[in-house]
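Commentary on secondary and tertiary structure
Chain by chain, the residues:
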Amino acid sequence: NGKSQYELRQFPAIWLAGKEDPHRSLLRTFDFCMHKFQPDIVQAESDIETLGTAQVALATKLFASKSKLVLFTWQNILRPRRRSVKMLVNWILGVTNHIFCANSEAVQVLRQQQFRGSTSIVPLFGVDNRYTSLPAPDIRQELNLKDIVIGYVGRLVADKGVELLLQAVARLGSKISLLLVGDG
C-alpha cells in the first residue's frame, strides 16, 4: 500500500543501583526482538561503560550476528575504572563496529583503550548564530557576575565532577564567577 509500517516497543528499566546511576541499569528484555527483524545496524545511545550497552551488544551478537553495532560516547577523559568495568568496556569495544564521538578527545580516549573500529566526530549540541537573532539580556549584570565567567551545564551529580569544579574555581580568586545550570 506504499505506507511505512513500524512497531514501537518500550522496555522498562531495571535500576540496579537507583535511578541516579544510569550506568548500572538494564532493560526488561533479553533480545530486543532482534531475532524477529534482523536489523542491519543496531545503534545504542548509551555510554560505553554501561550494563545497558553490554546488554544491547550481547543481544546483537546472539540474535542479529550480521548486524553492525554502532555506539555514541561523550567520554573525553579516561578515568580510573575498576577491573570489572575495564573488562566490560574491553568486550563492548571489541564487538563494536563504529562509534560516534562528541569531540576529538573522545576519539583519543577510545584509541587509548585500544578501540580499532571506525569513529566519526558528531557534536550533538550547539547553536548556529546565522539562524538566531534574539538579543541576549545582560545576564552578567543581572546575576552580578564577575569579569570572567566559567559555565557548567549538565546534571549536578558527583559523577560529573561538579565538586572538583567548585574547588578549582574557589582557588582562582575573586574575579571569577561560576554559573551552574542543571539539576540532579
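Preceding this paragraph is the structure being described.
Overview of the structure. (Residues numbered from 1 in each chain as written. Predicted model: local features only at pLDDT ≥ 70, side-chain atom pairs only at ≥ 80, totals over all residues. Heavy atoms only, no water.)

**Observations concerning the overall build of the protein**
When helices and strands are counted, the protein shows six helices and eight strands. When the helices and strands of the protein are listed from N to C terminus, the series reads β-β-α-β-α-β-α-β-α-β-α-β-α-β. For the protein, the proportion of its 184 residues judged to be buried stands at 30%. For the protein, restricting intrachain contacts to residue pairs at least 6 apart in sequence, the fraction spanning at least 24 positions comes to 61%. Counting only carbon and sulfur atoms, one obtains 56% of the accessible surface of the protein, whose full area is about 13,200 Å². (Helix = DSSP H or I, 4+ residues; strand = E, 2+ residues; numbered from the N terminus. Buried < 20%, exposed > 50% of the residue type's maximum accessible area, 1.4 Å probe, protein only. Contact = heavy atoms within 4.5 Å. Areas by Shrake-Rupley, 256 points an atom, 1.4 Å probe, with all protein chains shown as cover.)

**Side note on the pattern of salt bridges**
What the rule picks out here adds up to two salt bridges. The partner of Arg81 in a salt bridge is Glu49, with the nearest N and O atoms 2.7 Å apart. Note that Arg81 is positioned in the loop between strand E4 (68–73) and helix H3 (83–95) and Glu49 in the loop between strand E3 (41–44) and helix H2 (51–63), a separation of 32 residues in sequence. Since its relative accessible area comes to 11%, Glu49 is described here as buried. Three or more residues joined by partner-sharing salt bridges are found here, namely Glu49, Arg79 and Arg81. (Salt bridge = Lys/Arg side-chain N within 4 Å of Asp/Glu carboxyl O.)

**Overview of the environment of Thr96**
In this structure, Thr96 sits in the loop between H3 and strand E5 (98–101). For Thr96 and Val70, which are 26 residues apart along the polypeptide, the C-alpha to C-alpha distance reads 6.2 Å. Once you skip the residues sitting within four places of it in the chain, Thr96 turns out to touch Leu69, Leu71 and Phe115. A polar contact is formed between the side chain of Thr96 and the backbone oxygen of Ile92, at a distance of 2.6 Å. (Polar contact = N/O pair within 3.5 Å; in protein donor to acceptor, adjacent residues only side chain to side chain.)

**A closer look at unusual backbone geometry**
In the Ramachandran plot, Cys33 falls in the positive-phi region, its phi being about 60° despite a non-glycine side chain. Following the sequence through the fold, Cys33 ends up in the loop between strand E2 (25–27) and helix H1 (34–37). Among the residues examined, Cys33 registers a relative accessible area of 11% and is labelled buried. Here the phi dihedral of Gln38 falls at roughly 45°; this positive angle occurs in a residue that is not glycine.

**As for the pairing of E3**
The side-chain alternation of E3 yields one buried face, formed by Val42 and Ala44, and one unburied face, formed by Ile41 and Gln43. Pairing of E3 with E4, which is carried by four bridges, proceeds in the parallel orientation. Bridge pairing in E4 links Val42 to Leu69. In terms of handedness, the path from E3 via H2 over to E4 forms a crossover that is right-handed. (Pairing = 2+ DSSP bridges. Right-handed = clockwise from strand over helix to strand, strands pointing away.)

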